[in-house]
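Remarks on the overall topology
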Amino acid sequence: MKFISVIGSGTMGNGIAHVFAQHGYQVSLIDISTIQLEKALATISKNMDRQVSKGSLTEADKDAALARITPFTELSDGVKQADLIVEAATENMSLKLDIFRQLDQLAPSSAILASNTSSISITKIAAVTKRPTQVIGMHFMNPVPVMKLVEVIRGYATSDEVTEIIMDLSRNLSKEPVEVNDYPGFVANRILMPMINEAIYTLFEGVAGVSEIDTVMKLGMAHPMGPLQLADFIGLDVCLSILKVLHDGFGNPKYAPCPLLVNMVEAGFKGVKSGEGFYQYSPGSKELVVSPRFSK
């Protein structure tokens, strides 16, 4: 396997492209926006500079890795010689299904089609293609260059051969792959999102404030980041989307999103990406400031 196509150049997409290029693969990075592609390449370069400064990457290795990434705005051009395609578009069911219908027509018949989805059914995605045995989930964690885990999700029809190829490939990226079956939220988000949702309910019901809730989880449970700060980091809109998938998929009220989360997303307060969620974020500042909306 030599040629990798990554669809979507946002936070996850550029991180996935970064890791593949760093490990010697030729990467086609695909996005409809030229401006977004330019931002992605700048982000990858900046993140590699950080690796160089820490001594985990040489300047020559950085230059070689960047040279392996080619940006494309046309899907057909970006996937025509792909051995593996990793879709990392927005967590939206209809968008992903549309992308996979196109990929099935445009990609080489031998290509494996993977999704970086954090909760959407791989089986449902595979069903819109004529190659369901070659469709699989590769759920990388954010930030991709740092986090070791890859959830490898088997759809109902995913073959043993394709699963083993992706498990081995993940190890080649210096990742730790974990094979899981295709049920709503897989493992990571099936456990994580109810915890985040319960933290939001704890705030919503006035049990404690933002920093108090996060402090309890950091000091009491040894979490590196509190659940409300983590929700901001993930994106409150993404958290809401995953909870809806869980709620719809299981039909269990325990997965119902907290009304506070729903209101915040509808109002445009999505966390780090929008500048405010449970905390306020200022460019260049690492200080954690609770949003005035939740200050006592």
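Residues numbered from 1 in each chain as written. Predicted model: local features only at pLDDT ≥ 70, side-chain atom pairs only at ≥ 80, totals over all residues. Heavy atoms only, no water.

Our working definition: UniProt positions are given in the numbering used here, feature names are shortened, and annotations may be inferred rather than shown by experiment.
In the nomenclature of an unreviewed UniProt entry, the protein chain is known as 3-hydroxybutyryl-CoA dehydrogenase of Algoriphagus aquaeductus. Per UniProt, the protein chain carries the Sequence similarities (unreviewed entry) text "Belongs to the 3-hydroxyacyl-CoA dehydrogenase family."

1. Concerning the overall build of the protein chain
To be explicit about the condition: Note on conventions: DSSP H or I runs of at least 4 residues are helices, E runs of at least 2 residues are strands, and numbering of each starts at the N terminus. We compute the radius of gyration over the C-alpha atoms and compare it with the globule rule, which gives 2.2 Å times the number of residues raised to the power 0.38. Relative accessibility decides the category of a residue: with a 1.4 Å probe and only protein chains considered, values under 20% of the type maximum give buried, values over 50% give exposed, and everything between is partly exposed. We call two residues in contact whenever any of their non-hydrogen atoms come within 4.5 Å of each other. For the area figures, the Shrake-Rupley method with a 1.4 Å probe applies, and any residue is considered shielded solely by the protein chains shown.
The helix and strand tally for the protein chain stands at twelve helices and ten strands. Against the compact-globule benchmark of 19 Å for 296 residues, the protein chain has a radius of gyration of 19 Å, which places it among compact chains. Summarising its shape, the C-alpha atoms of the protein chain cover approximately 55 × 45 × 30 Å along the three principal directions. The buried share among the 296 residues of the protein chain stands at 46%. A separation threshold of at least 6 residues defines the contact pool for the protein chain, and within that pool the share at least 24 residues apart is 65%. Element-wise, carbon and sulfur atoms account for 54% of the exposed surface of the protein chain, whose accessible area totals about 14100 Å².

2. Examining the nonpolar core
Selection criterion: Residues belong to one nonpolar core when they are buried, are Ala, Val, Leu, Ile, Met, Phe, Trp, Tyr or Cys, and are joined through side-chain atoms within 4.5 Å.
Counting residues in hydrophobic clusters, the biggest one holds 34 residues, and the most contacted among them are Ile 16, Phe 20, Leu 29, Leu 84, Met 138, Phe 140 and Ile 166. With six residues, helix H1 (residues 11–22) is the single largest residue contributor to this core. Here Phe 20 is in contact with Ile 4, Tyr 25, Val 27, Leu 84, Val 86, Phe 140, Leu 169 and Leu 173, once residues within four sequence places are set aside. Ranked by size, the runner-up nonpolar core spans 25 residues in total, among them Met 193, Ala 199, Cys 258 and Met 264.

3. Considerations on the domain arrangement of the protein chain
Our working definition: Throughout the structure description, domain borders are defined by an automatic or database domain assignment. Throughout, buried area stands for the accessible area (probe radius 1.4 Å) lost by two parts on being put together, summed over both. Whenever a carboxyl oxygen of Asp or Glu lies within 4 Å of a side-chain nitrogen of Lys or Arg, that contact is scored as a salt bridge. Nitrogen and oxygen atoms within 3.5 Å of one another constitute a polar contact, given that in protein one can donate a hydrogen and the other can accept it, and given that sequence-neighbouring residues count only through two side-chain atoms. Residues are grouped as follows: Ala, Val, Leu, Ile, Met, Phe, Trp, Tyr, Cys and Pro are nonpolar; Asp, Glu, Lys and Arg are charged; all remaining types, including Gly, are polar.
By the assigned domains, the protein chain splits into domain 1 (3–181) and domain 2 (189–290). Taking only C-alpha atoms, the centre of domain 1 and the centre of domain 2 are 26 Å apart. The interface of domain 1 with domain 2 comprises seven residues on the first partner and five residues on the second. Here domain 1 and domain 2 share an interface that buries about 490 Å² over both sides, 54% of which is from carbon and sulfur atoms. Our count for the domain 1 to domain 2 interface comes out at zero salt bridges. At the boundary of domain 1 and domain 2, one finds two residue pairs in polar contact (both at pLDDT 80 or more). Its residues placed into classes, the side of domain 1 that touches domain 2 shows two nonpolar, four polar and one charged.

4. Digging into the side chain of Lys 175
Heads up, the rule is: Positive: Lys, Arg. Negative: Asp, Glu. His and the chain ends are not part of the count.
Mapping Lys 175 onto the fold places it in the loop between helix H7 (160–172) and strand S8 (176–181). The side chain of Lys 175 sits in the buried core without any salt bridge; Glu 176 is the nearest counter-charge, 11 Å away. Engagement of the side chain of Lys 175 in a polar contact is seen with the backbone oxygen of Met 147, the distance being 2.7 Å. Among all residues touching Lys 175, those that are not within four sequence positions of it are Val 19, Val 144, Pro 145, Val 146, Met 147, Lys 148, Val 150 and Ser 170.

5. Focus: the pattern of salt bridges
The final tally for this structure, using the stated rule, is eleven salt bridges. Two residues, Lys 96 and Glu 87, come together in a salt bridge whose shortest N-O distance is 2.4 Å. Across the pair, exposure class does not vary: Lys 96 and Glu 87 are buried alike. Residues joined by salt bridges that share partners form a network here, namely Asp 49, Glu 59 and Lys 62.

6. Some thoughts on the sheet that holds strand S5 (residues 112–115)
Our working rule: DSSP-based pairing: two strands are paired if at least 2 bridges between them are found. In this description, a line fitted to the C-alpha atoms serves as the axis of each element, helices being fitted only across the stretch in contact, and the angle between N-to-C directions of two axes falls anywhere from 0 to 180 degrees.
With mixed pairing, the eight strands of this open sheet are ordered in space as S3-S2-S1-S4-S5-S6-S7-S8. The sheet is open, and its two edges are formed by strand S3 (69–72) and S8, each paired on a single side. Here the average twist between neighbouring strands, direction ignored, is 25 degrees. Helix-sheet contacts for helix H2 (residues 34–54) involve strand S2 (26–30) and S3, and the interaxial angle to S3 is about 160 degrees. Across the face of the sheet, helix H5 (residues 93–106) comes into contact with strand S1 (3–7), strand S4 (84–87), S5 and strand S6 (135–140) while running at roughly 170 degrees to S5.

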